[in-house]
Each structure stands twice: as C-alpha cells, then as structure tokens.
Amino acid sequence: MSVRRLAAEAVQPKEFAFTAQNVDWAKSQIAKYPPGRQASAVIPLLWKAQEQVGGWTPRKAIEEVAAMLDLPYIRVMEIATFYTMFNLGPIGRNHVQLCGTVPCHVCGALELKKICEERIGPQGTVSADGKFSWIEVECLGACCNAPMVQINHDYYEDLEPASFGKLLDDLAAGRPVKTGSQTGRNCSEALGGGTTLKDSSLYDGSRVGAWKARFEEAAAKDSAGKDATPKASGESGGPAVPGSGRQGEPHIPQPAAPKGLAVAPAGSPAGNAVPADEPGAKDIAGQGSGEGTGKKPGDPSSGKR
Ligand code: FES
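Residues numbered from 1 in each chain as written. Predicted model: local features only at pLDDT ≥ 70, side-chain atom pairs only at ≥ 80, totals over all residues.

### Observations regarding the overall build of the protein
A count of helices and strands for the protein gives eight helices and seven strands. Out of the 305 residues belonging to the protein, those deemed buried represent 19%. Residue pairs at least 24 apart in sequence account for 49% of intrachain contacts in the protein once pairs closer than 6 positions are excluded. (Helix = DSSP H or I, 4+ residues; strand = E, 2+ residues; numbered from the N terminus. Buried ≥ 20, exposed ≤ 12 C-beta atoms within 10 Å, placed from the backbone. Contact = placed C-beta atoms within 7 Å.)

### Here we look at unusual backbone geometry
Residue P147 is reached from A146 by a cis peptide bond, and omega for that bond is -5°. Summarising the element assignment, P147 is placed in the loop between β2 (132–137) and β3 (149–151). Positive phi values are uncommon outside glycine, yet N152 reaches one of about 50°. One can find N152 in the loop between β3 and β4 (154–157). Overall, N152 belongs to the partly exposed group, with 13 C-beta atoms counted inside 10 Å.

### Here's the deal with the pairing of β2
Burial of β2 is extensive: six of the six residues sit out of reach of the surface. Side chains F132, W134 and E136 project from β2 onto one buried face, and the interleaved S133, I135 and V137 project onto a second face that is buried too.

### Notes on the packing of helix α5 (residues 102–119) against helix α6 (residues 161–173)
The interhelical angle for the contact between α5 and α6, taken along N-to-C directions, is 35°, at an axis separation of 9 Å. α6 is crossed by α5, and the crossing has right-handed handedness. For the pair α5 and α6, the contacting residues are E111, L112, I115 and R119 in the first and P161, F164, G165 and L168 in the second. Partitioned by chemical class, the residues of the contact of α5 with α6 number five nonpolar, one polar and two charged. (Axes fitted to C-alpha atoms, helices over the stretch in contact; angles between N-to-C directions. Left-handed = near helix turned anticlockwise from the far one by under 90°. Nonpolar A, V, L, I, M, F, W, Y, C, P; charged D, E, K, R; others polar.)

### Considering the nonpolar core
In terms of nonpolar packing, the biggest core is built from 22 residues, with L98, C99, L112, W134, M148 and V149 touching the most fellow members. Put simply, the parts of the chain that give this core at least two residues each are β1 (94–99), α5, β2 and α6. In contact with C99, other than residues within four places in its own chain, are C104, A109, V137, C139, L140, P147, M148 and V149. Counting residues in hydrophobic clusters, the runner-up holds twelve residues, among them L45, L46, A49 and A80. (Core = buried A, V, L, I, M, F, W, Y, C linked by C-beta atoms within 7 Å.)

### Notes on the packing of helix α1 (residues 20–30) against helix α2 (residues 42–53)
Contact geometry for α1 and α2: axes closest at 10 Å, N-to-C directions at 165°. Between α1 and α2, the angle falls in the class roughly antiparallel. Crossing hand, α1 versus α2: right-handed. Every residue of α2 that contacts α1 at N22, W25, A26 and Q29 is listed here: P44, L45, K48 and Q52. (Parallel < 35°, antiparallel > 145°, perpendicular 65-115°, else oblique.)

### Re the sheet that holds β1
On the basis of which strands lie adjacent, the open sheet formed by five strands has the order β2-β1-β3-β4-β5 and mixed pairing. One side of each edge strand has no neighbouring strand; the edge strands of this open sheet are β2 and β5 (180–181). Across the sheet, α5 is in contact with β1, β2 and β3; its angle to β1 comes to roughly 145°. (Pairing = 2+ DSSP bridges.)

### As for the pairing of β1
Both β1 and β2 contribute to a ladder of six bridges, which runs parallel. Residue pairing in the sheet places N94 in a bridge with F132 of β2. In terms of handedness, the path from β1 via α5 over to β2 forms a crossover that is right-handed. Relative to β3, β1 runs antiparallel, the two being bridged by three bridges. Each residue of the ladder has a partner; that of L98, found in β3, is V149. (Right-handed = clockwise from strand over helix to strand, strands pointing away.)

### Topic: the environment of C107
By secondary structure assignment, the location of C107 is in helix α5. Overall, C107 belongs to the partly exposed group, with 19 C-beta atoms counted inside 10 Å. Sequence-wise, C107 and D158 are 51 residues apart; in three dimensions their C-alpha atoms are separated by 9.0 Å. Each residue touching C107, except ones within four places of it in the same chain, is listed here: A146 and P147.

### Some thoughts on the environment of P147
On the basis of neighbour count, P147 is assigned to the buried category, with 28 C-beta atoms found within 10 Å. Considering only alpha carbons, one finds P147 and C104, 43 residues apart in sequence, at a separation of 4.3 Å. With near-sequence residues (within four places) excluded, P147 lies in contact with C99, C104, C107, G108, A109, L112 and L159.

### A closer look at helix α7 (residues 210–228)
Helix length check: α7, at 19 residues, gives a terminal C-alpha distance of 28 Å against a target of 27 Å (1.5 Å per residue), a fit within 8%. Among the 19 residues of α7, zero are classified as buried, and the element is accordingly described as predominantly exposed. (Expected span 1.5 Å × (residues − 1).)

Here it is, written out as structure tokens:
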C-alpha cells in the first residue's frame, strides 16, 4: 500500500479553474443526480480536473471540485487521496501502475518493482527524461494474468522481467507495443491453451438443443397417434389415458397405480393415487357415467373435456 499525500507545495499550481467546456460538462454530470445528491458527481469531476491538468490532481483542483459540489474540502480530499486513479503529483508520459497485491506478488511482481526502481526511480517520482513514473497499487482485477501493470489506460499482463524491460524500452523509444498478455495467451485461458468446451459437437446442434428436437418429435408422434384413435361416443377427443394433458398437449405417461389404489383425478391434493374405496378414485374408473362422484355425464367438472 502506498502512502497517499498531496504533492509538495513547490509543484502545486497557484490557481485552478475548469475551462468553459469542462464547466458545461461538469454541469451535465451534476444534473444526472437528484437535488441534494450532487456529491455523487465528485469522482467524474475529479477525473476531469486531473485530465485538464495533464494527469494529476493538484490541491486547487480538489478545492474547486468541493466548491462546485458545495461539499467540505475534506470530503473531496479524502476521496482524491483514497483512490490511486487520482495521481497526487506530476506523472511521466508513461505512468506505470504496478499491481503489488498477493496474486501478482507471488507471480513475480517484486522483480518488476525492482525494475521500476532501477529504471524509473523512486516510487511517485518522474524519470529524468520525463518519460516514466510509477506507483504500486492494489489489485487491478487481472489476477488471472499476474503479474501485470497498467500503463496509462492499458493493461500489460503475464509479465516477466525480460518482457517488462522490453516493454519499457519500446515505450521509451516510441515503438508500438502489444497490450494484454505478453506471452500470447488468449485473454485469461489456461496456460497452454483452452482445455474445456472444445468438443465441436457442442456447437453443431447435435448435443446442445438436441433435447428440444426429441421433445418435438415425441409430441408430433403423440399427436399423430391421437388423431388416429377413434373417439368415444359423446366425447370431444380428450385424453385417452389418465394423466394425459389437455387435448393437443403431449402425453406424459403415468406410473401404474399399486394394487388397492386407483389413479386420482388431475388436481387431486393426494397426488395421482388414492385408495380405491375413496370417492375420487372411482371418478376415473367411472368416467362417462358419473359413478361415485354424484356428477352426471357431461358435467364440466367431472374431468371430461
Ligand atoms: S492481484 Fe494483481 S491484478 Fe489482481
């Protein structure tokens, strides 16, 4: 964890004011929040101030943001000094944020830190040629590709002392550099290449989605079978077996009722099987006659459709 202090007074500008364009932009940010909640715009305003100054946030900028948001200076000061995205002193053309949190640390961040110290200088200072500055920061969220650094707005991952040294050389010389993994790894896949989801049948429809085709096929067969079944007199073509769905729905086979039990009507709170001597049980056996239920044939509540 690095110590977060404002830059020395000697380098602090005497004044800070947003440009007219940035004032308009700041107002548009503040307007995004309900009245009384203008403090929510503090991060974007500090960021814009840092951008305007050229990469760092001086004391006067913090004061200006506090005044714009009608906040006590200390409230903005504590935010600017908490987040390492706000640089509290001048930075080099290439500002290196070196992740020193545990995953990067155990993968070699310490060696990268030594390189920074040797080639750039003490943390928080700008190199003599103005090309580099560096600080150690907490996890930047690319732990799978540890160790890593952020330079300006880009991530450089899977670093080793040699590749990091070359990266600094290239940046210093103005040569193009490759962002992301420096070992050629694709995103954060396993070292040596991906190991899962490689079966091509996962993508040709023969496995994923095959269940749907099977269900559709079964439903079509069921439907064809029903069309071919002669309808009982006075019935409108309802399900042929207990447990079937409504007309036109796929048939779902029901388990045979154990001896002494009968299949209960759909919706029976006792489930699909009830003792054969209970009134509801005879409803199935007596479908078409109303026997045992007190209902007449054709009664809509008798289970016939
Ligand atoms: S620990 Fe370094 S990116 Fe997370």
